[in-house]
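# What the coordinates show
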Amino acid sequence: MIKLHIKKGDTVIVLAGEDKGKTGKVLKVYPEKMRAIVEGVNIVSKSTKPSAQNPQGNIVRMEAPIHMSNLSLIDPKSGKATRIAIKREEGKAIRIAKKSGEEIK
């Protein structure tokens, strides 16, 4: 199993790509593909077929997964991108921001 530094509910910043500099909350993580869906980032248009509920069909705008290497956690103290350290206390792993030393919740 792959260990990831980003989890569902984290606030992240995009480091590379079309949406560079945007921030958002992680909605879903796909560890086997090393990708995550971030709120308001990597928006794509998807066509839907006509159905009984929607007889004309539609174009839906939705978030697409983005690779983990293009994301970085936001430091809770400074609000800037940071790397993380894992600290073990009482048998539990705690994520700590390297820039400020603050615990990431």
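Notes on the structure in this doc start here. (Residues numbered from 1 in each chain as written. Predicted model: local features only at pLDDT ≥ 70, side-chain atom pairs only at ≥ 80, totals over all residues. Heavy atoms only, no water.)

### A few points about the overall build of the chain
Using the following cut-off: Numbering of helices and strands starts at the N terminus; helices are DSSP runs of H or I of at least 4 residues and strands are runs of E of at least 2. The globule rule is 2.2 Å times the number of residues to the power 0.38, and the radius of gyration it is compared with is taken over C-alpha atoms. Relative accessibility thresholds used throughout: buried, under 20% of the residue-type maximum; exposed, over 50%; partly exposed, between the two (1.4 Å probe, protein chains only). Working rule for contacts: check all heavy atoms of both residues, and any pair within 4.5 Å makes them a contact. Areas reported here follow the Shrake-Rupley algorithm with a probe of radius 1.4 Å; residue values treat only the protein chains shown as occluding. We count Lys and Arg on the positive side and Asp and Glu on the negative side, and we leave His and both chain ends out. The location of each charge is read from NZ of Lys, CZ of Arg, CG of Asp or CD of Glu.
Helices and strands together make up the secondary structure of the chain, namely zero helices and ten strands. Each helix and strand of the chain, ordered N terminal to C terminal, gives the series β-β-β-β-β-β-β-β-β-β. Scaling as 2.2 N^0.38, a compact globule of 105 residues should have a C-alpha radius of gyration of about 13 Å, whereas the chain reaches 17 Å, well beyond that. C-alpha atoms of the chain, sized along the principal axes, occupy 55 × 30 × 20 Å. Here the chain, with 105 residues, has 27% of them falling under the buried criterion. For the chain, the share of sequence-separated contacts (at least 6 apart) that also reach a separation of at least 24 residues comes to 39%. Here the chain displays about 7,600 Å² of accessible surface, and carbon together with sulfur accounts for 50% of that area. In the chain, which carries 22 positive and 11 negative side-chain charges, the distance between the mean positions of the two groups comes to 4 Å.

### Quick notes on unusual backbone geometry
Look at Asn-42: it is not a glycine, yet its phi comes out positive at around 60°. Secondary-structure assignment places Asn-42 in the loop between strand S3 (35-38) and strand S4 (43-48). A relative accessible area of 26% places Asn-42 in the partly exposed class. Of note in the backbone geometry, Glu-90 takes a positive phi value of approximately 55° without being a glycine. Along the chain, Glu-90 turns up in the loop between strand S9 (84-89) and strand S10 (92-97).

### Some points on the sheet that holds strand S7 (residues 71-74)
Defined as follows: For two strands to be treated as a pair, DSSP must find no fewer than two bridges joining them.
On the basis of which strands lie adjacent, the open sheet formed by six strands has the order S6-S3-S2-S1-S7-S8 and antiparallel pairing. Lying at the two open borders of the sheet, with one neighbouring strand each, are strand S6 (66-67) and strand S8 (81-82).

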